[in-house]
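Single-letter residue listing:
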Amino acid sequence: MSDSLTVSVAGVAPQDWDAFIHSAPDASHAHRAGWGAVFREVFGHETQYWTVRDADGGIVAALPITLVRSALFGRHAVSVPFLTYGGPVGSTVGQALLVERAAAQLAKEGYPSVQLRCRREGTLPYVPHFGKVLVLLPLQPAPELQMKAFPAKLRSQLRRAAKEGATAGIGLDRVDAFHAVFAEHMRDLGTPAMPRRFFAAVARTFPEETLVATVEHEGLPIAAGFGFLWRNEFEITWASSLMRYKRMAPNMMLYWTLMEYCIGAGVQIFNFGRSTPESGPHQFKRQWTDVEEPLPWYEVGNSSAVARPQKESRHFQLAARLWQKLPLPVATALGPRIVRGIP
């Protein structure tokens, strides 16, 4: 059967790629062609669009791979950076062909390994690494039913910020406010933040799917979230709140605002995004629901030759502590120069 299939890394029009992605049951928002344009515009990364076509020329499998080059972190091939998903989709035979050919070609170009960020474990002949997990909340059909389904303690937390005079809203005009919170939160965590223009480019590229929410108190944004609608699910991909307002629990108001919107839009699943198992963010998400989904990510090729940044390493921890001490304007200015090389 594979003899009648053709593997290519060129010649696919964005509209043809997206048409296949929308038809593939296992595809995600991260597979959209527009992400390659965003990565190229903001970070200068190259995205390759690998496809398998049948004898009639129809696409039967697809795999986006972004090439991340950095003097600090080396060369990395990722499907897809920054996001949770992006692995091969389509027919079983087609997926295997794509991964095999792509890994071999990229190894010749100086990329010893390809990281495949898959949502579900399929039939790829490789051993997955389950280092991340999703937390999922099946939504009730009405906000009052959803609120009633939560434990009393959680309901109390959801109301706290409103009692303190905080307000919340959703809109693409909130990108600047989102980034102000995100940049400070990331600095406080000791992690470089993506630039504002990255999120502006994403919102501009995917205006129908992007939700940006903020919580304000006395005119100041104190919590913010950024995520995507895809089919019957919403994933909050980035969420932040200012630590000095922790007692008000503005993050709880943020999540509830997005849940109310999603319920009104007929969304069935609220996806809290990926976490490291048993980490602080993971524990926070588990108070809402006990539904979890391990993420099978694959490292195909010579993974021992790939030095990916490890948060658990001593050098990473030292760098994080130093980053936390930077003035916010300095961290915000320097962050994009570093984060562009992180796969």
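Everything below is about the structure shown above.
Residues numbered from 1 in each chain as written. Predicted model: local features only at pLDDT ≥ 70, side-chain atom pairs only at ≥ 80, totals over all residues. Heavy atoms only, no water.

Participant: How should I be thinking about the pairing of strand β6 (residues 113–117) in this particular structure?
Facilitator: Looking along a regular strand, one sees side chains alternate from face to face of the sheet. Judged by how many residues are buried, β6 sits mostly within the fold: five of five residues are covered. Neither face of β6 is exposed, since S113, Q115 and R117 on one face and V114 and L116 on the opposite face are all buried. Of the pairings in the sheet, the one linking strand β4 (residues 74–79) to β6 comprises three bridges and is parallel in character. Paired with A77 across the two strands is V114, which belongs to β6. Note that β6 and strand β13 (residues 291–301) share five bridges and pair antiparallel. Residue pairing for β13: S113 is matched across the bridge by G301. (Buried < 20%, exposed > 50% of the residue type's maximum accessible area, 1.4 Å probe, protein only. Helix = DSSP H or I, 4+ residues; strand = E, 2+ residues; numbered from the N terminus. Pairing = 2+ DSSP bridges.)

Participant: So what exactly am I meant to see when it comes to the pairing of strand β10 (residues 220–230) here?
Facilitator: For β10, the buried fraction is high: ten of the eleven residues fall into the buried class. Hairpin connection of strand β9 (residues 210–217) to β10: two residues between the antiparallel strands, including E218 at a positive phi of 55 degrees. Bridge count between β10 and strand β11 (residues 233–241): eight bridges; the pairing is antiparallel. What sits directly across from F228, in β11, is E235. Hairpin connection from β10 to β11: two residues lie between these consecutive antiparallel strands, with R231 at a positive phi of about 55 degrees.

Participant: What is the right way to look at helix α7 (residues 196–205) in this model?
Facilitator: When α7 is considered as a whole, its buried residues turn out to be F198, F199, A200, A201, V202 and A203. Residues of α7 that are buried in the fold lie against α2 (34–43), α6 (175–189), β9, β10 and β11. (Contact = heavy atoms within 4.5 Å.)

Participant: When you look at the pattern of salt bridges in this model, what are you seeing that I'm missing?
Facilitator: Pairing between side chains of opposite charge can happen when the charged atoms of each approach one another. In total, this model carries 13 salt bridges according to the counting rule given. Here D18 and R32 are joined by a salt bridge, their closest N and O atoms 3.5 Å apart. One end of the pair, D18, is in helix α1 (residues 14–23); the other, R32, is in the loop between α1 and α2, with 14 residues separating them in the sequence. On the basis of relative accessibility, which here comes to 15%, the residue D18 falls in the buried class. Here R32 falls in the buried class, since its relative accessible area comes to 12%. Here E41 ties to R204 by a salt bridge, and the two come within 2.8 Å at their closest N and O atoms. On the criterion of sequence distance, the pair formed by E41 in helix α2 and R204 in helix α7 is long-range, its members being 163 residues apart. (Salt bridge = Lys/Arg side-chain N within 4 Å of Asp/Glu carboxyl O.)

Participant: Sorry, what's going on with unusual backbone geometry here?
Facilitator: Comment: phi is negative for the bulk of residues other than glycine, and the bulk of peptide bonds are trans. Going from S79 to V80, the amide bond is cis rather than trans, its omega being 15 degrees. By the secondary structure assignment, V80 is in the loop between β4 and β5 (89–90). In this structure, F82 takes a positive phi of about 70 degrees despite not being glycine. When you line up the elements, F82 lands in the loop between β4 and β5. For F82, a relative accessible area of 11% translates into the label buried.

Participant: Any chance you could explain the side chain of R187 here in plain terms?
Facilitator: Within the fold, R187 resides in helix α6. Since its relative accessible area comes to 13%, R187 is described here as buried. Among the polar contacts made by the side chain of R187, one reaches the side chain of D188 at a distance of 2.9 Å. Those residues within four positions of R187 in sequence are excluded, and the remaining contacts are W323, Q324, L326, P327, L328 and A331. (Polar contact = N/O pair within 3.5 Å; in protein donor to acceptor, adjacent residues only side chain to side chain.)

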